[in-house]
Amino acid sequence: MLQRLLLFIAILNLANTAMALPLDSCNLIFKGTVIDGNTNTLLKGATIIINGQIKASSPEFAEFTFNDICPGLLIIKVTTPGYADTDTVINITSARQVIIKLYASSKNLSEVQISASRPHVHNTAISSQVSNTDLQQARGSLLAEALANIPGVNMLRTGTGIAKPVIQGLHSNHLLTLNNGIRQEGQQWGAEHGPEIDPFIAGRLTVLKGAEAIRFGPEAVGGVILVEPAELPQKKGIQGGVNLVGGTNGRYGVASLMLEGAPGKLKGFAWRVIATKKRSGNIQTADYYMNNTGTDELSFAATLGHKTKRLETELYYSRFNTSIGIFNGAHIGNVTDLTDRIANGRPFENGTFSYAIGVPRQNIVHNLFKFKAGYQLNPVSRLNVIYGLQRNNRQEYDLRRKISETPSLDLVLTTQTLDINFETFSTNGWKTTAGLSGLLQVNNSVPGTLATPLVPNFDSYGAGGYLVARLIRNSYELEGGIRFDHKGLSAAGYRNEIIDGTTNQVFYTGNRKFNNITASVGGVLHINDHLDIRTNVGSAWRPPVVSELYSDGLHHGTAAYERGNSMLTAEKSYKWITSVDFNKQKVQIQASAYVNLIYDYIYLQPSNQLYESLRGVFPTFDYKQTDATFAGADFLMTYNFLPAFGYELKGSAVRARDIKNQLYLPWIPADRVENSISWNIGGKPENFIKLGYQFVAKQTQYNAGSDYAAPPPAYHLLNVNAGTKIRLPNRYLNLNCTINNLTNKLYKDYMNRFRYYAHEMGINFILRASYNF
Amino acid sequence: MKTLSRNILAAIIIGSTLFLNACKKDNPVPEVNQEEFDGAVFNFIELEGHDDHFHETTDTTKVILKADGSASPSHMHLTEGHTYKLLINIFKNNRIINQEFIDEGDIHQFFFIPSKPDYIKYTYLDRDKNDRPIGFVGNVEVLKADNGAFDFKVVLRHGLNKAHSAAQAWDNANYSQAGGATDMEAEFEIHPSEHDGHDHEDH
């Protein structure tokens, strides 16, 4: 394997040496100025990346000068918070000076500094970023809540403490999350299993909405979420920041400390540590408390980087530890319990405030270790190696007879990933990336739960190889890619079977292998300085997950008996997405439309049989496959109609159908629109007040009788947000205040799995303070 | 030098063991499902009245609840004016596990819900640590027998608030308002017959 890999790299390198240039002639002077393309004003603080290597941040000046540039092709990427990245390609043969224009990506530019990030997202991809303002305000909340600021991204909630992102109608194993470049591997098959990531570590949150399977591999059917920390500092000395958040609903508090630095004595080294603690108690709807909805979270991350002229290495470790109380009014024993509660529409008891987290609850510890190395082979070619080791321990506690303090589910998922890729630029504007990726995964149930686990122990392995070619021109870019994947699964477990009136544990095994080829083509047309059109057609796939293959038992959380099918085949998806980006002085528009055709889409079908037991009667569901379409559009517009006033409109709509059986698909977000008006007091962006109005329609794309309860009615919400900056000696203190659900409305959302039992959160007054030193 | 190479060798062995362990699943272990049980028996023990107290007779009618949720026999007879001790036993691996529930008696309670009112009256005879009823032992008094049969639902609730108003009556059909979840649910028919004269052939 290693020999083949080395051979592969050697061949790629040979193909490249013809145009590579010797490093010793690298003494050309290259100067530039960064300006805001809309206002033609100088833009300070941008990060300049040349041929994939960070050359400089210009915190004080908008100009940069390099005197160590090699003759040949330069791919210049400039990034800065709040602005869309630009890629510029020039062929340099002698000293040269350029002007680089950046355009605001969306919304108000936050004054809080988040360092710019790495050139990760390729430009033909249809992507949206969480704006800095929204990212700042999302701190202390769940990752999915931060992502839901992006049009087309919604949430699938389980109560208040668990939220999964939904991108253009798809969630769970249909999405891929890259946490700091490593594919996040938790027990993502469960609708009640949220991603184990602290939004505080993110310097940037990006969602790729196209079928991005080529670069990232299986499961990127609906899109990809990129959680990227800020770049390590280059400035000598120690700096840092403290963030404090407090909220009235759940009486929660969050404290986060970040320290980073670059020791002057050890040249090339830089480091960062960040720790966050969060504690919250029972959440209150407009009318009542929901008992046992507190959370307790502690996360930590450390990064150590080293840079030489050619070699860049990074070690990263993070630990995310959370304990989430599950609303105990949702704990049901059988369908009678469920229908009784649905008929009541709210908990039978009003609840009280408490920080205590009892049962049911989830305790999750996610450890991630990453090693990354990038080696600049020559001015135009780079080799990257990223290794990741993750260990996810999920413990779920239930109300049990005498042993509530023994988890009823205790799974340890260990995942190792290795990605090797090689990037090269050619003088005629081509960028080629070739890569290999591998995955080894082991899932074990920790014995002693005194409950037969829902999923078996398994070994899973995957290997893939891909090639992406991109042509960069001044007025357009084109990209095409192809990928091959192989995935294998070997499972062994026990399932319950009633034999002669007693329950027995029956051993079973399963082995599956999957092969798949995916391809994509896309392009971006820069029509003028203000208008870009992007389009992308891509295929993607995902193999069935163990719960879909081997489930056979009562799922108490959903009052359903679920039966897997070990013969399920892989889902195959074809997604076409087109987007328009318009940026002119006062108006910015981002709009996208898509069609996603998924063959062999896996879903739970009611079997019309009843499972009868000592606990009562349960409906049964079978995992089946069908063909499905997801089509829809997302829209974001900002309009600064007066110098100090801005208006924002955001909306999304999805239509999802099972086209074989002519049925609607369940758990698809309803249509929604958000409007907001902001006022920059005194013309300063840091002093603002913003009033937001959100409308979520009733989900009418619903098959009558297909769910225990029909979708809840439409709702309207009002939110207020205000911020200011206070000058302290040498530093600034940023203060921000938000009131969510201003009118304290009692409402339900279709995308909450606990809507059968309870309402959504009532009014919440949140205060945030941020101080950087 | 020797120590160094030994250390390196040890590190390699430890490292590769860790690595290999992380690459292979464990053999699964069958779990004894704590929450499950195999069945339950409802013993209706006829009592003879002696002034202010009762004596148990040997005249016991049993209804067995099987793992598939079915009750056998599907109906049973009680006599008007008589009082029966209803003793419920829950079984797992041929062993009575009532004590597991009684130990957590403060969050367990049986409810007995006849489909028609006024035929029977139930009295709890057991108590939890807060002096609230549980229902493993109780008396069933047959009040009347006119023309009929009714369905008798027995529900064991877990995790309820026993102080809640919905948990006070033995026959409250809205027991779920007291919170908690159903651990066991059984239903069978009771045919109350007149004094000592019932004729089974009628059914």
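Counting from 1, residues in each chain are numbered in the order their sequence is written. The lettering of chains begins at A and the numbering of ligands begins at 1, in the order of writing. With the structure being a predicted model, the display of local features is reserved for residues of pLDDT at least 70 and the display and counting of side-chain atom pairs for 80 or more, all residues being used for whole-chain, interface and lining totals. Water and hydrogen atoms were dropped before computing side-chain values, which therefore reflect all heavy atoms in the structure.

A few words on the overall build of chain A. Across its full length, chain A holds six helices and 41 strands. Radius of gyration means the value over C-alpha atoms here, while the globule rule gives 2.2 Å times the residue count to the 0.38 power. A globule of 773 residues ought to have a C-alpha radius of gyration of about 28 Å, and chain A, at 26 Å, matches this closely. Each principal axis of the C-alpha distribution contributes one length, and for chain A these read about 85 × 65 × 50 Å. Partly exposed residues are those whose accessible area sits between 20% and 50% of the maximum for their type, while under 20% is buried and over 50% is exposed, using a 1.4 Å probe and protein chains only. Scored against the burial criterion, the 773 residues of chain A give a buried share of 59%. The contact definition used throughout considers only heavy atoms, calling two residues in contact when any of these lie within 4.5 Å. Look at the contacts in chain A between residues 6 or more apart in sequence, and 66% of them connect residues 24 or more apart. Within the structure as shown, chain A displays about 30200 Å² of accessible surface, and the carbon and sulfur contribution to it stands at 59%. In chain A, which carries 73 positive and 59 negative side-chain charges, the distance between the mean positions of the two groups comes to 5 Å. The helix count covers DSSP runs of H or I at least four residues long, the strand count covers runs of E at least two residues long, and both are numbered beginning at the N terminus. Under the convention used here, a 1.4 Å probe and the Shrake-Rupley method define accessible areas, while residue burial counts only the protein chains that appear. When charges are counted, Lys and Arg contribute as positive and Asp and Glu as negative, whereas His and the chain ends are disregarded. All charge positions are set by atom: Lys at NZ, Arg at CZ, Asp at CG, Glu at CD.

What chain B contains, in helices and strands, is two helices and eleven strands. Counting helices and strands in the order they occur from the N terminus, chain B gives α-β-β-β-β-β-β-α-β-β-β-β-β. Split into buried and exposed, the 203 residues of chain B put 47% on the buried side. Of the contacts made within chain B by residues no fewer than 6 positions apart, 68% connect residues no fewer than 24 positions apart. Total accessible area on chain B stands at roughly 10500 Å², and carbon and sulfur atoms take up 50% of it.

For helix α5 (residues 335-344) of chain A, the set of buried residues is Val 335, Asp 337, Leu 338, Arg 341 and Ile 342 of chain A. Projection of α5 of chain A onto a plane perpendicular to its axis shows the buried side chains occupying an angular sector of 155 degrees, all on one side. Contacts from the buried residues of α5 of chain A go to β34 (616-642) of chain A together with β10 (150-158) and β11 (181-193) of chain B. Throughout this description, a polar contact denotes any pair of N or O atoms lying within 3.5 Å of each other; where both atoms belong to protein, one of them has to be capable of donating a hydrogen while the other can accept it, and for residues adjacent in sequence the pair is counted only when both atoms sit in side chains. Capping of α5 of chain A at its N-terminal end is provided by Asn 334 of chain A; its side-chain oxygen lies 3.1 Å from the backbone amide nitrogen of Thr 336 of chain A. Taken from the residues just after α5 of chain A, Gly 345 of chain A is the one with a positive phi, measuring 75 degrees. The directions from the helix axis to the C-beta atoms form the arc being described.

Attention now goes to the environment of Gly 358 of chain A. Mapped onto the elements of the fold, Gly 358 of chain A is located in the loop between α5 and β22 (361-378). C-alpha separation for the pair Gly 358 of chain A and Pro 711 of chain A, spaced 353 residues apart in sequence, amounts to 30 Å.

A word on the packing of aromatic side chains. In this description, a pair of aromatic rings is defined by centroid distance and the angle of the planes. Ring pairs shown here join Phe, Tyr and Trp side chains whose ring centres sit within 6.5 Å, with only the six-membered ring taken for Trp; geometry is labelled stacked below 30 degrees between planes, edge-to-face above 60, and tilted in between. A full pass over the atoms with the stated rule returns 33 aromatic pairs over all chains. Relative to Tyr 750 of chain A, the ring of Trp 667 of chain A has its centre 5.6 Å away and its plane inclined at 25 degrees; by these criteria the two rings are stacked. On the criterion of sequence distance, the pair formed by Trp 667 of chain A in the loop between β36 (663-664) and β37 (672-680) and Tyr 750 of chain A in the loop between β40 (731-740) and β41 (764-772) is long-range, its members being 83 residues apart. Looking at Tyr 750 of chain A, the relative accessible area reads 6%, which means it is buried. A centroid spacing of 5.8 Å and a plane angle of 80 degrees characterise the contact between Tyr 756 of chain A and Tyr 757 of chain A, whose relative ring orientation is edge-to-face. Taken individually, Tyr 756 of chain A and Tyr 757 of chain A each receive the classification buried, so the pair is uniform in this respect. Every member of this aromatic cluster is reached through a ring pair, and the members are Phe 37, Phe 42, Phe 44, Phe 101, Phe 110, Phe 112, Tyr 122, Tyr 124, Phe 136, Phe 152, Trp 170 and Phe 188 of chain B. Placement of a positive charge over a ring is assigned whenever Lys NZ or Arg CZ falls within 6 Å of the ring centre and within 35 degrees of the normal to the ring plane. Over the aromatic face of Tyr 732 of chain A sits the side chain of Lys 725 of chain A, whose NZ or CZ is 4.0 Å from the ring centroid. Lying over the aromatic face of Tyr 119 of chain B, Lys 144 of chain B brings its terminal NZ or CZ to 4.9 Å of the ring centre.

Once that is clear, we can look at unusual backbone geometry. Between Val 359 of chain A and Pro 360 of chain A the backbone carries a cis peptide bond, its omega angle lying at -5 degrees. Structurally, the position occupied by Pro 360 of chain A is in the loop between α5 and β22. Omega for the bond connecting Ser 72 of chain B with Pro 73 of chain B falls within 30 degrees of zero, at -5 degrees, which places this linkage in the cis form. Residue position: Pro 73 of chain B is located in the loop between β3 (71-72) and β4 (75-79). One non-glycine residue, Asn 180 of chain A, lies in the positive phi region at around 55 degrees. Inspection of the secondary structure assignment puts Asn 180 of chain A in the loop between β11 (175-179) and β12 (182-183). Accessibility expressed as a relative area gives 3% for Asn 180 of chain A, which makes it buried.

Another aspect to go through is the sheet that holds β11 of chain B. Residue and element names in this part refer to chain B. Any two strands are treated as partners once DSSP identifies two or more bridges connecting them. Within the open sheet, the four strands sit side by side as β4-β11-β10-β7. Their pairing is mixed. Of all strands in the sheet, those bounded by a partner on one side alone are β4 and β7 (108-114). Sheet twist, expressed as the average angle between the axes of neighbouring strands with direction ignored, equals 30 degrees. Where β10 lies against β11, nine bridges are found, and the strand directions are antiparallel. Paired with Asp 151 across the strands is Glu 189, a residue of β11. Working convention: axes come from line fits to C-alpha atoms, limited for helices to the stretch in contact. Angles between N-to-C directions cover 0 to 180 degrees.

This next bit is on the sheet that holds strand β7 (residues 96-102) of chain A. All names here are of chain A. The strand order across the open sheet built from three strands is β4-β1-β7, with neighbouring strands paired in mixed fashion. This sheet does not close on itself; its edge strands, each paired only once, are β4 (63-69) and β7. Going from strand to strand, the sheet's axes swing by 25 degrees on average, the running direction of each strand aside. Two strands pair when backbone bridges link them, and strand β1 (residues 28-36) and β7 are joined in this way by seven bridges, in the parallel orientation. When the sheet's bridge partners are listed, Asp 36 is paired in β7 with Leu 102.

Residue and element names in this part refer to chain A. For chain A, the average pLDDT comes to 87, and 92% of its residues sit at 70 or higher. Ranking the elements of chain A by mean pLDDT puts helix α1 (residues 2-17) last, at 45, and strand β18 (residues 283-284) first, at 97. Every residue in residues 5-23 scores below 50 in pLDDT, and together they form 26 contacts with partners more than four places removed in sequence or on other chains. Predictor confidence is given residue by residue as pLDDT, running from a minimum of 0 to a maximum of 100. A low-confidence stretch, residues 106-122 (pLDDT under 50), is modelled with 70 contacts involving residues beyond four sequence positions or located in other chains.

This paragraph deals with the pattern of salt bridges. All names here are of chain A. When a carboxyl oxygen of Asp or Glu is within 4 Å of a side-chain nitrogen of Lys or Arg, the pair counts as a salt bridge. By the definition in use, this model includes 34 salt bridges over all chains. Linking Arg 279 and Asp 296 is a salt bridge whose minimum nitrogen-to-oxygen distance equals 3.9 Å. Taken together, the residues span a long stretch of sequence, with Arg 279 in strand β17 (residues 269-280) and Asp 296 in strand β20 (residues 295-307) at a distance of 17 residues. Given a relative accessible area of 28%, Arg 279 falls into the partly exposed group. Under the relative-accessibility criterion, Asp 296 is labelled partly exposed at 23%. For Arg 755, the salt bridge is made with Asp 707, and the minimal N-O distance between the two is 2.6 Å. Taken together, the residues span a long stretch of sequence, with Arg 755 in the loop between β40 and β41 and Asp 707 in the loop between β38 (688-696) and β39 (715-728) at a distance of 48 residues.

Right, let's get into the pairing of β11 of chain B. Residues and elements named next belong to chain B. Burial runs high along β11: eleven of the 13 residues are buried. For β4 and β11, the ladder comprises five bridges, and the chain directions are parallel. What sits directly across from Leu 78, in β11, is Pro 192.

Strand residues, when the strand is regular, have side chains that alternate between the two faces of the sheet. Residues and elements named next belong to chain A. Inspection of the sheet shows strand β30 (residues 552-555) paired to strand β31 (residues 560-563) by four bridges, in the antiparallel sense. What sits directly across from Asp 552, in β31, is Arg 563. Bridging between β31 and β34 involves three bridges; their strand directions are parallel. From the neighbouring strand, Glu 562 faces β34, where its bridge partner is Phe 621.

As far as domains go, chain A holds domain 1 (2-102) and domain 2 (127-231 + 240-772). For the purposes of this description, domain bounds are those given by an automatic or database domain assignment. A straight line from the C-alpha centre of domain 1 of chain A to that of domain 2 of chain A covers 33 Å.

Counting 43 residues, the largest nonpolar core has Phe 42, Phe 44, Ile 90, Phe 112, Phe 152 and Phe 188 of chain B as the members making the most contacts within it. Looking at this core, the element that brings in the most residues is β10 of chain B, giving five residues. As used in this record, nonpolar core signifies buried Ala, Val, Leu, Ile, Met, Phe, Trp, Tyr and Cys residues forming a set joined through side-chain atoms within 4.5 Å. Counting 28 residues, the second-largest nonpolar core is a separate cluster that includes Ala 138, Leu 143, Ile 167 and Val 254 of chain A.

All names here are of chain A. Its place among the elements puts Gln 699 in the loop between β38 and β39. On a C-alpha basis, the gap between Gln 699 and Gly 553 in space is 30 Å, while along the polypeptide they are 146 residues apart. A polar contact is formed between the side chain of Gln 699 and the backbone oxygen of Ile 668, at a distance of 2.7 Å. Here the side chain of Gln 699 touches Pro 669 through a polar contact of 3.3 Å, landing on its backbone oxygen.

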